[in-house]
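Residue-level listing of the chains:
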Amino acid sequence: MPQIPLSTYRLQLHAGFTFKDAAGVADYLKRLGISHVYCSPYLQAIPGSTHGYDVVDPEKPNEELGGEEGHSRFCQRLKELELGQVLDIVPNHMALGQQNRYWWDVIENGPSSRYATWFDIDWQSAEVKLQNKVLIPVLGDQYGRELSAGRIKLEYTGDRFQVRYSDNLFPVAPRSLSNLLSKAAEYAHSDTLHFIAGSFARLPSPELSNRGDASARHRDKTVIYRMLKQLCKEQPEVSAAISRGVDELNHEMDALDEVLNQQSYRLAYWRTADQELGYRRFFDVNTLIGLRMEREHVFEATHCRILQWLENGVLDGVRVDHPDGLRDPQQYFERLRKRAPEAWIVGEKILEPGEFLRDSWPIQGTSGYDFMNVCNRFLVHGEGLTELTKIYSEFTGEPVDFAEVAQQKKQMVEQEALGSDINRLASLFVEICESNRDRRDYTRAEIRRALREVASSFPVYRTYVVADRDRILDEDRLYIDNAVAMAKARRQDLDAGLFDFIADVLTLRVRGKMEGEFLMRLQQFTSTVMAKGVEDTAFYCFNRMVGLNEVGNNPGLDGMSVEAFHDYFAKMQATHPLTMTTLSTHDTKRADDVRARLATITEIPGRWRSALNRWSRMNARFRKGSHPDRNTEYFLYQTLIGAWPIAKDRLIAYMEKAAREAKQQTSWTQQNKEFEDALRNFIERILDSAEFIAELEKFVERVLSAGRVNSLAQTLVKCTAPGVPDTYQGGELWNHSLVDPDNRRPVDYDERRSILSKLEKGVDVKEILSRIGSSVDKGMPKMWVIHNALSLRCKHPECFGADAAYTPLAAEGHRREHVVGYLRADRVATIVPRWTLKLGDSWASTTLELPQGSWKNVLTGDGVKGGRMRVQALLQHFPVALLIKEAE
């Protein structure tokens with residue numbers, strides 16, 4: 001029977017860190033206190049994948065990681081150590097390419113492919129040229145130019161035909177080979193080859209979509225190819241004749257063009273993807289295609305190994321990637337739960353502040369972004385953030401209304417990167433309007449503009465209305481009605497009736513087959529708009545306090561009260577007590593220790609203002625004209641404070657990515673070389689400036705200890721609050737990584753083993769305490785907290801489970817807002833501080849009420865008597881406290 005984790009440790013597997021490497025660190029993780037290894041996706045991905053989200057074969061473990069044998073040894077090692085395993089799985093999409101045999105079959109055979117029902121492809125595009133075809137936007141220039149230049153060719157390898165463009169290979173539709181093989185038959189004087197050519201021509205057309213007929217077509221096609229292969233093997237002159245025909249074809253542009261036009265795909269200039277792509281992607285990544293996971297045969301085929309591992313006890317649980325991309329996430333989770341009734345299942349559901357996971361989803365919780373952002377907001381100082389708003393506005397001149405910035409960025413990505421998605425939705429809504437005489441005169445352009453406005457106005461990733469199930473909640477109606485009202489107010493140039501009609505369709509007041517299809521697709525789309533417009537754009541533009549710019553957060557909010565902190569965790573204990581709690585993931589913009597240090601700036605806004613202006617004047621001589629702009633410069637200085645010390649190459653790579661994501665001065669698709677060169681030069685010069693580095697290090701030294709106390713506070717909360725704590729690889733020591741790929745750098749496990757061994761042998765807590773303010777410390781205090789907290793969870797799991805009560809400890813005194821304390825199961829107490837720079841060294845008369853009895857501080861060994869306790873006494877030997885009530 002699957003075991004619910006007590007804690008997890010995320011490992012990123014790739015060719016440089018395989019199943020064997022993971023098995024090699026398993027004993028260390030066990031000693032650290034981890035109960036379950038939590039692996040990144042490891043089903044077969046494209047060659048060279050560094051993350052595993054680009055799966056091409058769901059039926060086997062990745063060969064680059066060690067394949068079946070390596071996976072078996074890894075799982076056996078976990079079993080020997082009594083460690084469980086959780087796997088990250090990817091139901092929303094697959095990667096394109098020759099390695100994906102399902103996709104290869106689809107683009108070879110079109111709608112008649114056995115796997116055409118797997119992928120979310122619009123075979124009946126409004127564009128006639130794309131009907132029954134898939135647009136493949138890989139060309140570096142216009143199709144005709146690439147063809148004329150000889151860069152698109154037909155290849156014959158002796159046993160297969162394929163189209164080559166650079167390193168890209170594509171299959172050839174069987175019927176399109178008929179003329180070529182007939183010509184080759186004449187060269188070889190082969191009646192058999194003539195018969196084979198005719199047999200290819202007689203195959204049913206690719207428009208066929210009946211699954212039974214598709215299987216018969218595949219059978220016939222396979223037999224014909226087998227005959228051709230046997231003929232070429234027995235008669236080498238036939239193979240030579242075919243090669244001659246292919247060579248001639250490649251020198252006759254019109255003939256080659258005709259063959260290419262007979263394919264079930266259309267090779268196109270890469271820029272066409274923004275407006276004409278006919279399949280649902282993962283966000284705007286053209287090489288990741290959406291799966292029709294709502295179809296049971298697709299679910300079964302893509303989950304066969306995962307379900308087998310869950311049934312056999314190889315896995316205890318799964319983390320489901322991007323459920324918001326699915327057509328009906330609840331249906332998916334219900335199907336998964338039915339097949340794995342005892343498994344621990346969490347979904348990577350991004351919740352906005354104030355939004356909570358649907359109770360109807362049969363899963364344990366989320367992957368932890370909501371928890372992370374509660375900690376994030378709790379550590380920043382609200383008044384300081386208000387002051388930072390003024391500083392940011394004065395220095396950069398940028399807008400300070402985050403909601404407005406987010407709205408603009410969402411609209412921008414809809415018009416550009418997501419244009420093809422909007423066009424597909426608009427085409428569908430045009431059909432809906434055409435079938436309604438009161439609505440048929442709305443133009444495609446009007447509909448497109450209205451849909452962009454509505455989709456960008458949602459304050460959450462998506463709603464979950466399902467017409468076929470007659471399912472709509474009041475919160476869905478509220479989100480939809482508010483989004484439409486906002487869109488209507490913003491676009492008064494458009495007919496209000498059009499917006500009202502959109503609302504009617506989305507809230508099931510107007511129903512029909514096309515209406516239901518539109519509703520489901522728009523809901524999938526709004527999550528993409530939020531992710532690309534906010535996560536990957538606005539979060540790099542709105543830079544008041546960059547530590548708040550994190551997945552699922554609203555950086556326009558000003559902190560969190562102690563009461564709100566407790567309310568959140570009380571709700572979690574009541575609704576999702578076994579959700580995942582985490583502080584860093586492979587997708588976070590900054591590691592937890594970077595955010596913890598940056599939070600201290602909100603306590604000293606005046607010093608930040610002085611440093612910012614002084615540094616800008618000091619470094620003005622390194623700028624080239626207006627580059628870098630003030631917003632990028634502001635972003636850079638906060639990054640340096642949060643991540644210092646940082647190597648020059650890491651910082652340059654990160655800032656280049658950040659600037660391109662912001663899309664203000666440069667972007668991934670339209671790179672501004674002048675700006676990027678100037679930015680690179682600016683970074684190199686300031687890092688070579690002894691004067692600036694001295695100033696920077698002085699500032700970092702001032703906030704170093706406070707930032708580390710913030711880190712210890714949120715780390716202890718992660719380990720003891722309702723939920724299952726996760727540690728991202730390497731995060732048991734101080735971790736100042738930035739966004740991927742920076743956070744995927746190799747982890748030094750020898751160093752971590754060495755530090756853990758010292759802790760296991762016994763270290764005076766005074767030595768650990770002294771390291772908090774040491775700039776050379778690697779992170780012993782953080783490992784100390786994690787090791788002790790996780791060990792306590794292992795000894796007393798009943799104090800942290802689904803039935804372990806969460807009880808706030810009330811603080812009294814002038815500094816009560818600086819401390820939070822709570823009990824688990826009335827036996828474990830957690831006490832952590834915040835805003836320690838403003839606190840100084842004095843807690844004054846601030847107290848906490850502990851239940852009566854004898855308590856022991858797990859982190860210091862101190863004995864504590866219950867009752868009204870001075871916070872100063874509780875935290876005098878270590879900045880955070882973890883207490884266990886001793887037996888009477």
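As a reminder, the structure under discussion sits directly above these lines.
For clarity, every value in this text was computed on a predicted model and none was experimentally measured.

What counts and how
Residues numbered from 1 in each chain as written. Predicted model: local features only at pLDDT ≥ 70, side-chain atom pairs only at ≥ 80, totals over all residues. Heavy atoms only, no water. Helix = DSSP H or I, 4+ residues; strand = E, 2+ residues; numbered from the N terminus. Contact = heavy atoms within 4.5 Å. Salt bridge = Lys/Arg side-chain N within 4 Å of Asp/Glu carboxyl O. Buried < 20%, exposed > 50% of the residue type's maximum accessible area, 1.4 Å probe, protein only. Pairing = 2+ DSSP bridges. Axes fitted to C-alpha atoms, helices over the stretch in contact; angles between N-to-C directions. 1 Å grid on protein atoms, 1.4 Å probe; cavity = no way out; pocket = protein on both sides within 12 Å on 5 of 7 lines; lining within 4 Å. Points joined across faces, edges and corners; volume = space filled by probe spheres on them.

Take the environment of Thr579 next. Mapped onto the fold, Thr579 is located in the loop between helix H22 (562–575) and strand S17 (580–581). When the C-alpha atoms of Thr579 and Cys719 are compared, they prove to be 12 Å apart, with 140 residues separating the residues in sequence. Look past the residues within four positions of Thr579 in its chain and what remains in contact with it is Gln364, Gly365, Thr366, Met572, Pro722, Gly723 and Val724.

Further remarks concern the pattern of salt bridges. According to the stated counting rule, one finds 73 salt bridges in the structure shown. We note a salt bridge from Arg424 to Asp120, for which the minimum N-O separation is 4.0 Å. On the criterion of sequence distance, the pair formed by Arg424 in helix H17 (residues 419–434) and Asp120 in the loop between helix H3 (101–109) and strand S7 (134–139) is long-range, its members being 304 residues apart. An identical accessibility class is assigned to Arg424 and Asp120; each is buried. Overlapping salt bridges, with partners in common, bring together Asp120, Arg280, Arg292, Glu294, Arg327, Arg424, Glu517 and Arg521 in one network.

In spatial order, the strands read S16-S15-S14-S5-S2-S1-S18-S17; together these eight strands make up an open sheet with parallel pairing. A single partner strand is all that each edge strand has here, and the edge strands are strand S16 (365–366) and S17. Here two bridges tie S17 to strand S18 (residues 724–728), and the two strands are oriented parallel to one another. Counterpart to Thr581 in the pairing with S18 is Pro725.

This part covers the sheet that holds strand S10 (residues 168–171). The antiparallel open sheet is built from three strands, whose spatial order is S8-S9-S10. One side of each edge strand has no neighbouring strand; the edge strands of this open sheet are strand S8 (152–156) and S10. The mean inter-strand angle of the sheet, taken between neighbouring strand axes irrespective of direction, is 30°. With five bridges connecting them, S8 and strand S9 (residues 161–165) associate as antiparallel partners. Paired with Ile152 across the strands is Tyr165, a residue of S9.

Our next topic: empty space enclosed by the protein. The full count for this structure, using the stated rule, is twelve cavities of 30 Å³ or more. Of the voids in this model, the largest cavity is the one considered here, and its volume is about 190 Å³. As for the largest cavity, its lining consists of 14 residues, and the residues nearest its centre are Arg280, Asp421, Arg521, Gln524 and Phe525. Secondary structure elements with two or more residues in the lining of the largest cavity: strand S12 (281–282), H17 and helix H21 (513–535). Counting residues per element, the lining of the largest cavity draws most heavily on H21, which supplies four residues.

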